[in-house]
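# Observations on the three-dimensional arrangement
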Amino acid sequence: MDFPILSAVTFLPLAGAVLILLIRALTGAQVRPDGSEDDRVLYAGLLFSVATFVISIVMFLSFDQQGSGYQLVEEVDWFSGIKYKMGVDGMSLLLIMLTTLLMPIALIASIGSIKHRLTEYTVAFLVLETFMIGVFCALDMVVFYVFFEAGLIPMFIIIGVWGGAERIYASYKFFLYTLFGSLFMLAAVVYMYLTAGTSDVVALEQYEFGKDAQTWLWLAFFASFAVKLPMWPVHTWLPDAHVQAPTAGSVILAGILLKMGGYGFLRFSLPMFPEASVLFQPFVFTISVIAIVYASLVAWRQTDMKKLIAYSSVAHMGFVTLGIFSFTEIGVQGAVFQMLSHGLISGALFLIVGVVYDRMHTRDISAYGGLVHRMPVYATLFMLFTMANVGLPGTSGFVGEILTMVGAFQANTWAAAGAALGVIFSAVYMLTLYRRTVFGQITNPELETIEDVNTKELICLIPLAIGVILLGILPNLIFDITRESSLHALAQMAGG
Amino acid sequence: MFDIEAILSTIAPELLLAAAGLLGVTLGALFGDRFNGISFKLGALVLFLAAALAGVYWDGGRAFDGLVETTSFANFAKAVSFGCAGVALLMAEGFLRRHDTMRYEYALLIIFASLGMGIILSSANFMTLYLGVETLSLSSYVLAAFHRDSPRSAEAGLKYFVLGALASGLLLYGMSLVYGFAGGTSYEIIAGTEASLGFMFGMVLMITGLAFKVSAAPMHVWTPDVYEGSPSPVVAFFATAPKMASMVVFAIVMFTAFPQAMAFENWQLIIAIIAGASMLIGAFGALPQSNLKRLLGYSSIANMGYALVAIAAGVQYGAGSLLIFMTAYVIASLGLFGGVLSMRREGGMVENVNELAGLIRRQPGLATALTVLLVSVSGFPLAFGFLGKLAVLEAGWNAGLMPLIIILVLSSVVAMYYYLRIVKIMWFDEQAEDFESVDGWVTTTVYLTAIISVALLIFINPLSELAASAAASLIS
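Turning next to the overall build of chain A. Of the regular secondary structure elements, chain A holds 22 helices and 2 strands. Radius of gyration (C-alpha) of chain A: 22 Å, near the 23 Å computed for a compact globule of 496 residues. Counting only C-alpha atoms and orienting by the principal axes, one finds that chain A spans roughly 65 × 60 × 40 Å. Expressed as a percentage of contacts within chain A between residues at least 6 apart in sequence, the contacts between residues at least 24 apart total 81%.

Okay, structure coming up:
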């Protein structure tokens, strides 16, 4: 058997977490005189997440981009016919790369801004990384479910311990909302396992469920993925969770956890329940367009920077569902691209907010203004990511939006028209945000002494900026890899 | 005259327990208080040996003209129950010593209660069943009131006794009705009877009595009070070993005395209603609780509801699932009550959930282990409890019990809220004072059960095959 590289990528962060816990248990936490904890533990966590990133590059290189189907497959018996089965295709490969890239960035961003209980903080993030990678690797429904759900616990703790003032409420809301959706998926998974006699994803793709069964199963999966993505009207946990989470938590939440919903639609709903997917297309289109327009308008009225970006995420995820349920190659390709691109952009925007929050300890837009006079580098980077979020050509945001809309246009003109409205609104709220915080005169005297981005923050932001521009100029880098898996997701649709 | 071989293969663990119990009484009479210290360790050793014997005679047998009959199904439950009883006994020692009530009678009562569990698990006849139930119950009443100087403990014992006696009476009355219509007391004869109205009446009364023993709604009202009032190590015992044994006996009685062909349709609905009510009452009842023991009491009601879903699914689908689910539940419960036993401060036990505040900063190991156990008992992925719930869901689906599945899903979300509340208190809240250190057995149990709960999530295969083969012994 070959070296199990997927398991290595998945479980290396967990191994790091255990090691850190053991070392801390033996040495005890080093607390400085001012009560903050020694941050060497964060660097240890960073080491493991960087090592994971390196291994994921090896994984990327050993992936055959021309090959079809799932690659690097590992299989071990678990119990009663359920296997521990891992494998990747182009789509999941890139989502794993996104995860392993964002995690070190999130940890770097935490240096200095998180001051207490660093051991638990680092461990929670590493454990979360394992579960997130596992979600994208799993090729068995039960294994997928375990990883999918397990990630809730570390995120619950991250929001609840290191979050803002309303953190307890936000963490509960996040947890119970998601759990509620997921339990229906669990019931559906059990049903599929009993009916088809297997929980293997590859085998289930071939299995044809009856029409009624498909409808119910689709709805059960939808309950879970719609909450996770999140789609209107079950998105209300997201603004709370984002606003209360620490910066790094928001980065991971927006960058990766939201993508699990879209990934789930592509990996399970479309190939396994093609007829039901077609049946529900108008429904999904309707709520996607509502999400795009409604969330954009709500974002416009926000006074809290993080909340604004959170609503913008809801709107952008609307494009993802539009693209997926257009059932066209171009739409699905666009949706995958949009997920990756949004992972970079929203992560970067939360970091951007984090930069000024660390200095001013407020996210209120009206507390800012005229930042360009004191923070020119910051203003430049902020501009780049604002434009990317708006969907300016040349940035990755443009490619994702245009392709999903083209896909949607082929399926339903009105849906595409509604979505186009959202693109305009996104320019309105993002530019408003940018103008009010960066331009104008400095009105708040505390801003007089604010410092520009430091090296640490540049290390976080530069890779994301490069990624956003690179993908905007050379989107084929992505499309070549995801083509096979996009076609694979649609293969059953053409047949049915 | 006796077929020694058959007797041994049927009730070897019970013989060991009975002999050890009688020997213990003698030694206690001879040595008095000097026997107190060693009795706990010896008692636990005997219980572990009995568990091992259940494994040695795994295939079981039949003896005394069918008064007792043991299947692998029963042996699985015996091994787990005796093991839990042994651990609960070890955990009790330190607690009782500090409360000045460490007496060898405690160990003996646990052994006699375990003997009762063994008898009911091996019974194939109402006579033996009732004897076993009473042996278990009478020992339990005394255990509940073991802190005889504490009014709460005495109250718990009395409540348990009065209600338990009522339930035993119902059980006995049901048995007599069934006997009257069937003309015999052995499961075999009863299983071959025509199900008449009077017979059904008896069966329902028996279900009522058995539901009391497993604390299923609506016969659950004693549970929170007894859990709160009884000494904590006793509750650690109540919540694990007798629960496992009684639930499996419940299943054996329903599956073999009132089998599929004869009365399944008649009792499936009753069990399903009991299961649904237990899940809902357990989930919602726990929400306002601030006493950890009461909370765990309600949690056990909810979990018995999940287990009953497996019984309602019928022998073919439910038997194996029941074993997996109950094993996961008792392992996690044992650890959680180890956690309750760890909560001591300034010489006394504290039981309020809020006393756990900020535990992660003072005792990160204990807090992490308790978190794992809560995750397991809630059936969330990441620990063994998830596979238990998965097995129950599977059984429910197979039997087409859609309404129960929906209730199960909804009550799981509600239950998650109060488990999460404990996690929240341990991880997020401002720190309360330190706990005093407790003896090694308790700490070891908490850590070990947490590790086992995670390990069994991954290495479940041998256990699930064992449970499947045990379930097969019941079907054939």
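Our next topic: the overall build of chain B. On a plain count of helices and strands, chain B comes out with 20 helices and 4 strands. Relative to the 2.2 N^0.38 estimate, which gives 23 Å for 476 residues, the radius of gyration of chain B is 21 Å and therefore close to what a compact globule would have. By its C-alpha atoms, chain B is 65 × 60 × 40 Å across when sized along the principal axes. Taken across its 476 residues, chain B has 62% of its residues classed as buried. Relative to all contacts within chain B whose residues are 6 or more apart in sequence, the contacts with residues 24 or more apart total 81%.

Another point: the pairing of strand 2 (residues 82–88) of chain A. All names here are of chain A. Judged from the 6 bridges that link them, strand 1 (residues 71–79) and strand 2 form a sheet pairing that is antiparallel. Across the sheet, the residue bridging to V76 is Y84, located in strand 2. Between strand 1 and strand 2, which follow one another and run antiparallel, lie 2 residues, and S80 among them has a positive phi close to 25 degrees.

Quite often, the size of an interface is put as the accessible area lost when its parts meet. Contacts between the two partners involve 27 residues from chain A and, on the opposite side, 24 residues from chain B. At 13 residues, the largest contribution of residues to the side of chain A that touches chain B is made by helix 7 (residues 167–196) of chain A. Among the residues making up the side of chain A that touches chain B, the classes are represented as 22 nonpolar, 2 polar and 3 charged.

It is worth spelling out the packing of helix 3 (residues 72–98) of chain B against helix 4 (residues 104–122) of chain B at this point. All names here are of chain B. Running from N to C, helix 3 and helix 4 point in directions that differ by 170 degrees, and their axes come no closer than 10 Å. In terms of their interaxial angle, helix 3 and helix 4 are classed as roughly antiparallel. Facing A74, A77, K78, S81, F82, A85, L89, A92 and L96 of helix 3, the residues of helix 4 in contact are Y106, A107, I110, S114, M117, G118, L121 and S122. In terms of residue class, the contact of helix 3 with helix 4 is built from 12 nonpolar, 4 polar and 1 charged.

What follows covers unusual backbone geometry. Omega for the bond connecting L229(A) with P230(A) falls within 30 degrees of zero, at -10 degrees, which places this linkage in the cis form. With respect to the helices and strands, P230(A) occurs in the loop between helix 9 (211–228) and helix 10 (237–244). Put simply, W232(A) and P233(A) share a cis peptide bond, and its omega is 5 degrees. Structurally, P233(A) can be placed in the loop between helix 9 and helix 10. A positive phi angle is found at D65(B), which is not glycine, with a value near 55 degrees.

The next point concerns the nonpolar core. Counting 395 residues, the largest nonpolar core has A187(A), A88(B), V248(B), V309(B), A312(B) and F325(B) as its most contacted members. If you tally residues by element for this core, the top one is helix 14 (residues 315–342) of chain B, at 18 residues.

The next thing to look at is the confidence of the model for chain B. Mean pLDDT for chain B: 89, with 99% of residues reaching 70 or above. Interface confidence for the predicted complex, given as ipTM, is 0.81, next to a pTM of 0.88.

Definitions and cut-offs
- Residues numbered from 1 in each chain as written.
- Chains lettered and ligands numbered in written order.
- Predicted model: local features only at pLDDT ≥ 70, side-chain atom pairs only at ≥ 80, totals over all residues.
- Helix = DSSP H or I, 4+ residues; strand = E, 2+ residues; numbered from the N terminus.
- Rg over C-alpha atoms; globule rule 2.2 N^0.38 Å.
- Contact = placed C-beta atoms within 7 Å.
- Buried ≥ 20, exposed ≤ 12 C-beta atoms within 10 Å, placed from the backbone.
- Pairing = 2+ DSSP bridges.
- Nonpolar A, V, L, I, M, F, W, Y, C, P; charged D, E, K, R; others polar.
- Axes fitted to C-alpha atoms, helices over the stretch in contact; angles between N-to-C directions.
- Parallel < 35°, antiparallel > 145°, perpendicular 65-115°, else oblique.
- Core = buried A, V, L, I, M, F, W, Y, C linked by C-beta atoms within 7 Å.
- pLDDT = per-residue confidence, 0-100.

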